[in-house]
Amino acid sequence: MTESLPQTPAAAMADPAVRVMFTAEQIAARVREMGLEIARDLKGMSPVYIGVLKGACMFQCDLARATPLDVTLDFLSVSSYGSGTTSSGTVRLVSDLRNDIAGAHVVLCEGVVDSGLTLSFILDLLRSRKAASVRVATLLDKVPCRKTPVPVDYAGWRIGSEFVIGYGMDADERYRNLPYVGVLEES
Ligand code: PRP
């Protein structure tokens, strides 16, 4: 399915066709399921949902709203891609958590796990901060792209090597505000 970009001021941009991979409705339904699954697994706990900015921003907030537990939020920012569409392999901490996570039950929220290099770096960081437990939730898991093994506890969907945009994910910082996940069609 191909869908025109929504004509909102924020999205009134040059118009390459976007092939829709997951609609807003599909995402909402899947994220609701994930929130309930996490709530069952973490029953009685007050987890902190740590979002990996910027790609996880939509997913983290929707997942938190879908989780009937006492959830708190924190954020990390790392940089792992340059301006291209493949991982540079270099991960750098751009901004740190606000709160101490020693003893906390963490759900690390990612938009997409690709090579696994970002996640591996962040998991090392969280372990060094003495979190009581760390679970990984990602909307998308690009399993064929893995360069290093990483644990993924909750995945919305496993996909191939497509470069995905929308619902928080970008191409050169654009398209994050699309309500669906898509792939830019070759022009
Ligand atoms: C993307 C994505 C993940 C990371 C995954 O972030 O949001 O954090 O890449 O890639 P990896 O598994 O190959 O390390 P990106 O660096 O593009 O920054 P952004 O979240 O600000 O878009």
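In what follows, the structure referred to is the one given above.
Residues numbered from 1 in each chain as written. Predicted model: local features only at pLDDT ≥ 70, side-chain atom pairs only at ≥ 80, totals over all residues. Heavy atoms only, no water.

**Q** I'd like to hear about the site of the ligand, residue by residue, with values.
**A** Neighbouring the ligand are 17 residues; Gly55, Glu110, Ser115, Gly116 and Thr118 lie closest to it. Taking Thr118, its side chain carries an N or O atom lying 2.4 Å from an oxygen atom of the ligand. The contact in question runs from an oxygen atom of the ligand to an N or O atom on the side chain of Asp170, over 3.0 Å. Contact with the protein chains hides 92% of the accessible area of the ligand, taken as 490 Å² for the molecule alone. (Near = heavy atom within 4 Å. Polar contact = N/O pair within 3.5 Å; in protein donor to acceptor, adjacent residues only side chain to side chain. Areas by Shrake-Rupley, 256 points an atom, 1.4 Å probe, with all protein chains shown as cover.)

**Q** Before we move on, could you go through the nonpolar core and cite the residues and values that matter?
**A** One recurring pattern in soluble globular proteins is that nonpolar side chains are buried together. By size, the foremost hydrophobic cluster in this structure holds 25 residues, and its most contacted members are Phe59, Leu63, Leu139, Leu140 and Val181. Elements supplying a minimum of two residues to this core: β2 (18-22), α1 (24-41), α2 (57-65), β6 (105-113), β7 (133-142), β8 (154-159) and β10 (181-184). Among the elements that line this core, the one with the most residues is α1, at four residues. Residue contacts for Val181: discarding those within four places in its chain leaves Arg19, Val20, Met21, Phe22, Ile27, Leu139, Leu140, Val164, Ile165, Gly166, Tyr167 and Met169. Val78, Ala104, Val106 and Val150 belong to the second largest nonpolar core, which has 20 residues in total. (Core = buried A, V, L, I, M, F, W, Y, C linked by side-chain atoms within 4.5 Å. Buried < 20%, exposed > 50% of the residue type's maximum accessible area, 1.4 Å probe, protein only. Helix = DSSP H or I, 4+ residues; strand = E, 2+ residues; numbered from the N terminus. Contact = heavy atoms within 4.5 Å.)

**Q** Now, about the state of the cysteines: what can you tell me, with residues and values included?
**A** Per the stated rule, a full pass over the model turns up zero disulfides. Free of any disulfide, Cys57 has its nearest cysteine sulfur in Cys61, 6.9 Å distant. (Disulfide = S-S within 2.5 Å.)

**Q** Any chance you could break down the pairing of β10 for me, citing the residues and the numbers?
**A** As judged from the four bridges shared by β2 and β10, these two strands associate in the antiparallel manner. In the strand pairing of β10, Val20 is matched with Gly182. By the bridge criterion, two bridges tie strand β9 (residues 164-165) to β10 in an arrangement that is antiparallel. Bridged to Ile165 within β10 is Gly182. (Pairing = 2+ DSSP bridges.)

**Q** Please give an account of unusual backbone geometry that cites residues and values.
**A** The step from Leu53 to Lys54 runs through a cis peptide bond, and the omega angle for that step is 0°. Structurally, the position occupied by Lys54 is in the loop between β3 (48-53) and α2. Phi at Tyr167 is positive, roughly 50°, even though this residue is not glycine. Structurally, Tyr167 is set in the loop between β9 and β10.

**Q** Describe the packing of α1 against α2, listing the residues and the values that go with them.
**A** For any two helices packed against each other, the geometry is given by the interaxial angle and the distance between the axes. Put simply, α1 and α2 touch, their axes get as near as 8 Å, and they point 55° apart. As judged from the angle between their axes, α1 and α2 are oblique. Note that α1 runs across α2; the crossing there is right-handed. Seen from α1, the contacting residues are Val31, Met34, Gly35 and Ile38; seen from α2, they are Phe59, Asp62 and Leu63. Its residues placed into classes, the contact of α1 with α2 shows five nonpolar, one polar and one charged. (Axes fitted to C-alpha atoms, helices over the stretch in contact; angles between N-to-C directions. Parallel < 35°, antiparallel > 145°, perpendicular 65-115°, else oblique. Left-handed = near helix turned anticlockwise from the far one by under 90°. Nonpolar A, V, L, I, M, F, W, Y, C, P; charged D, E, K, R; others polar.)

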